[in-house]
Amino acid sequence: MPDAPERQEPERETMTIPKLAERVGRSRTLIHRLATTPAEGWPAPVFRPGSSRPEYDVEWFDRYWAQRQAGIRQGRRTDLEKTTEE
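### Some words on the side chain of Glu55
Tracing the backbone shows Glu55 in strand S2 (residues 55-57). Look at Glu55 and you get buried, because its relative accessible area is 7%. In contact with Glu55, other than residues within four places in its own chain, are Thr14, Met15, Thr16, Pro45, Val46 and Arg48.

### Points about the nonpolar core
Counting residues in hydrophobic clusters, the biggest one holds 15 residues, and the most contacted among them are Leu20, Ile31, Leu34, Trp42, Phe61, Tyr64 and Trp65. Residue assignment for this core shows that the elements contributing at least two residues are helix H1 (17-24), helix H2 (28-36) and helix H3 (58-70). By residue number, the principal contributor to this core is H3, which donates five residues. Once residues lying within four places of it in the same chain are set aside, the contact partners of Leu34 are Glu40, Trp42, Tyr64, Trp65 and Arg68.

### Points about the packing of H1 against H3
As a packed pair, H1 and H3 sit with axes 12 Å apart at the nearest point and diverge in direction by 45°. When the interaxial angle is binned, H1 and H3 end up oblique. When you trace H1 past H3, the crossing you get is right-handed. Residues Leu20, Arg23 and Val24 of H1 touch H3, and the partners they reach there are Val58, Phe61, Asp62 and Trp65.

Cut-offs and rules
- All chains use their own residue numbering, which begins from 1 and follows the written sequence.
- Selection of residues for local features in this predicted model requires a pLDDT of at least 70, selection of side-chain atom pairs for listing and counting requires 80 or more, and totals for whole chains, interfaces and linings are taken over all residues.
- Water and hydrogen atoms play no part in the side-chain values, which are based on all heavy atoms of the structure.
- Only DSSP runs of H or I with at least four residues qualify as helices, and only runs of E with at least two residues qualify as strands; both kinds are numbered from the N terminus onward.
- Think of it in three bands: with a 1.4 Å probe and only protein chains considered, a residue is buried below 20% of the maximum accessible area for its type, exposed above 50%, and partly exposed in between.
- Between two residues, a contact is recorded if the distance between any of their heavy atoms is within 4.5 Å.
- In these notes, a set of buried Ala, Val, Leu, Ile, Met, Phe, Trp, Tyr and Cys residues joined through side-chain atoms within 4.5 Å is what counts as a nonpolar core.
- The angle between two axes is taken between their N-to-C directions and runs from 0 to 180 degrees, where each axis is a line fitted to C-alpha atoms and a helix contributes only its stretch in contact.
- Roughly parallel means an angle under 35 degrees; roughly antiparallel means over 145; roughly perpendicular covers 65 to 115; every other angle is labelled oblique.
- Two helices cross in a left-handed way if the nearer one is turned anticlockwise from the farther one by less than a right angle. They cross in a right-handed way if the turn is clockwise.

None of this, on its own, says anything about what the molecule does.
Spelled out as structure tokens, the structure:
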């Protein structure tokens, strides 16, 4: 009896940095800086056969971007807030 074919994991959608930047309406420079900053915690990129362009999982990026945007407090001064230590 022949061996059962190995189940392959469904291929996840990936995009290059320029495509991710276009997806969220930001610059490629910003997305590249985020991807190469260790503190941001980006996963290792994947590479398509024959390509040297890094690609990232779109589902992961969407979650990351939503969390990042939720944490931004743009337009509000925080240096004037009263702290409980005062």
